[in-house]
Amino acid sequence: MNSNEVGEMIAKAKEKNVLLMEALWTYFLPHYQYVLDLVKTETYGKILKLEADFGFYRAFNNNARLFNKNLGGGSLLDIGIYPIFAALSTLGIPKNIKADATYFENGADSSCNITFNYEIGATALLKSTLVEDTPTEATFYCEKGTIKINSMFHAPSTVTITSNGTDVTKDFGYNTIGYNYEAIHFNELLRQGKTESDIMTFDFSKNLIKLLDDVRSIINLHY
């Protein structure tokens, strides 16, 4: 739930020489790896702006984990991690962060709006909310085209590329819920005797939780 806990887990795994990997399944999904390759190779030029959201409505229930901030409930840690992950995995660590939030009566955040500004001039507009249904898309506005991961971008989805006035949608033929991809990767690491993933590295996990900590500090959310 915070940088200290992630640091403790990594240190203990290294001490015991065992495999540890953050199970953020989106990183391993074929459509997301496809988009990462487009971004890395600058197929459509550099990213100018990213817009990513994750939101759904749930009636407030003070007894449910989703709304219990002591258990990581609230929009930021529960689903805000995905838009932030999209920004970190494509644009890296921002130069500065702006954020504001709304809250449930028990102090858990009900929604969070975040802006990442980057040295290269790019901007990431990120949103998480538990009080409204949102498209839950990730759209990368690049110099020579737009790459959009369609609804439920964090899960098995399709990718639409708009360039030169033409839209092309790529379907990845998913026939599972999608968790198998991270499981396959993890099993391969086990077979190879590795103790760290080359995709979801310790440094990436530390940077991701640090960004979540930074946003929490800005919106004055304490666990």
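Before reading on, note that the structure itself is shown above.
Fair warning: this is a prediction, and the values are worked out from it, not measured in the lab.

(A) Molecular detail of the packing of helix 3 (residues 75-91) against helix 5 (residues 202-219). As a packed pair, helix 3 and helix 5 sit with axes 10 Å apart at the nearest point and diverge in direction by 120°. Taken together, the axes of helix 3 and helix 5 lie oblique to each other. Crossing of helix 3 against helix 5: the hand is right-handed. Contacts from Leu-76, Leu-77, Ile-81, Ile-84, Phe-85, Leu-88 and Ser-89 of helix 3 reach helix 5 at Phe-204, Asn-207, Leu-208, Leu-211, Leu-212, Val-215, Arg-216 and Ile-219. Looking at side-chain class alone, the contact of helix 3 with helix 5 contains 12 nonpolar, two polar and one charged residues.

(B) Spotlight on the sheet that holds strand 2 (residues 96-103). On the basis of which strands lie adjacent, the open sheet formed by eight strands has the order 2-3-4-1-5-6-7-8 and mixed pairing. Looking at the sheet topology across the chains shown, the edges are occupied by strand 2 and strand 8 (166-170). Ignoring strand direction, the axes of neighbouring strands in this sheet form an average angle of 10°. Sheet topology places strand 3 (residues 109-117) next to strand 4 (residues 123-129); seven bridges connect them, and they run antiparallel.

(C) A look at the pattern of salt bridges. Taken as a whole and judged by the stated rule, the model has 11 salt bridges. Its salt-bridge partner being Lys-12, residue Glu-15 comes within 3.2 Å of it at the nearest N-O pair. Of this pair, Glu-15 and Lys-12 both sit in helix 1 (residues 3-16), separated by three residues, roughly a single helical turn. By relative accessible area, Lys-12 is classed as partly exposed at 44%. Two residues, Asp-214 and Lys-210, come together in a salt bridge whose shortest N-O distance is 3.1 Å. With Asp-214 and Lys-210 both in helix 5, this residue pair falls four residues apart, about one helical turn. Residue Asp-214 is classed as partly exposed on the basis of its relative accessible area of 24%.

Thresholds applied
Residues numbered from 1 in each chain as written. Predicted model: local features only at pLDDT ≥ 70, side-chain atom pairs only at ≥ 80, totals over all residues. Heavy atoms only, no water. Axes fitted to C-alpha atoms, helices over the stretch in contact; angles between N-to-C directions. Helix = DSSP H or I, 4+ residues; strand = E, 2+ residues; numbered from the N terminus. Parallel < 35°, antiparallel > 145°, perpendicular 65-115°, else oblique. Left-handed = near helix turned anticlockwise from the far one by under 90°. Contact = heavy atoms within 4.5 Å. Nonpolar A, V, L, I, M, F, W, Y, C, P; charged D, E, K, R; others polar. Pairing = 2+ DSSP bridges. Salt bridge = Lys/Arg side-chain N within 4 Å of Asp/Glu carboxyl O. Buried < 20%, exposed > 50% of the residue type's maximum accessible area, 1.4 Å probe, protein only.

Purely spatial values, then, with no claim about function.
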